[in-house]
Amino acid sequence: MERTLVLLKPVTLQRGLAGEVIKRFEQKGLKIAGMKMMQLTDEILNEHYSHLADRPFFPGLKLSMTRTPVIALCLEGVGAVDVVRQLAGATNGRKALPGTIRGDLSMSGQQNIVHASDSLESASVELKRFFREEEIFSYEGIAATDYGYADDEL
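Conventions used here
- Residues numbered from 1 in each chain as written.
- Predicted model: local features only at pLDDT ≥ 70, side-chain atom pairs only at ≥ 80, totals over all residues.
- Heavy atoms only, no water.
- Helix = DSSP H or I, 4+ residues; strand = E, 2+ residues; numbered from the N terminus.
- Rg over C-alpha atoms; globule rule 2.2 N^0.38 Å.
- Buried < 20%, exposed > 50% of the residue type's maximum accessible area, 1.4 Å probe, protein only.
- Contact = heavy atoms within 4.5 Å.
- Patch = residues over 30% accessible without salt bridge, like charges linked within 9 Å, V, L, I, M, F, W, Y side chains within 5 Å.
- Areas by Shrake-Rupley, 256 points an atom, 1.4 Å probe, with all protein chains shown as cover.
- Salt bridge = Lys/Arg side-chain N within 4 Å of Asp/Glu carboxyl O.
- Lys, Arg positive; Asp, Glu negative; His and termini not counted.
- Polar contact = N/O pair within 3.5 Å; in protein donor to acceptor, adjacent residues only side chain to side chain.

S.K.: Tell me about the overall build of the chain, and please be specific about residues and values.
M.R.: Summing up its helical and strand segments, the chain has 8 helices and 4 strands in all. Going residue by residue from the N terminus, the α and β elements of the chain occur as β-α-α-β-α-α-β-α-α-β-α-α. The C-alpha radius of gyration computed for the chain amounts to 15 Å, which stays within 12% of the reference 15 Å derived for 154 residues, consistent with globular compactness. In the chain, buried positions account for 47% of the 154 residues. Contacts spanning at least 24 positions in sequence make up 75% of the contacts within the chain whose residues lie at least 6 apart.

Here it is, written out as structure tokens:
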């Protein structure tokens, strides 16, 4: 089973969409292995978005990511990284396909509802950035194990 990070961005909380977004991940069959609300700091944002630090929109990105807390999720499932990315849709909400989270709920490239890890390697690093080891849980989930996958997929 893979684990991946999803951040429900401040715009998601401001618009009252957290439940809707979490529901979509759970309906797909992903299991919540960790979840917490947290206020992002300059330190964590500088580290998390270091690849964007030289872009002109970076100060605005940091401002928007500190307007309210975010909800950090550790989601688990077979192929979780790719599944979450497909559910999220294209980064720019105007270009995301209908049926995806961003395609249905966003019109923005920056205020695009969720951050989702883009690879297993990124997921590993990002999960450690947002969660302590004891904040991620292993437990049996009936839907995911008994009904969500064929025996040879587990």
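S.K.: Residue-level account of a nonpolar patch on the surface, with values.
M.R.: Side chains of Met-1, Val-78 and Leu-154 sit close together on the surface and give an oily, nonpolar patch of about 290 Å² of accessible area. Looking at the secondary structure, you find Val-78 in the loop between strand 3 (70–77) and helix 5 (80–88).

S.K.: Run through the side chain of Arg-102, naming residues and quoting values.
M.R.: Looking at the secondary structure, you find Arg-102 in helix 6 (residues 101–105). Nearest to the buried, unbridged Arg-102 among oppositely charged side chains is Asp-118, at 10 Å. A distance of 2.8 Å separates a polar atom in the side chain of Arg-102 from the backbone oxygen of Gly-89. Setting aside residues no more than four positions away along its own chain, Arg-102 makes contact with Ala-88, Gly-89, Ala-90, Thr-91, Gly-93, Ala-96, Asn-112, Val-114, His-115 and Ala-116.

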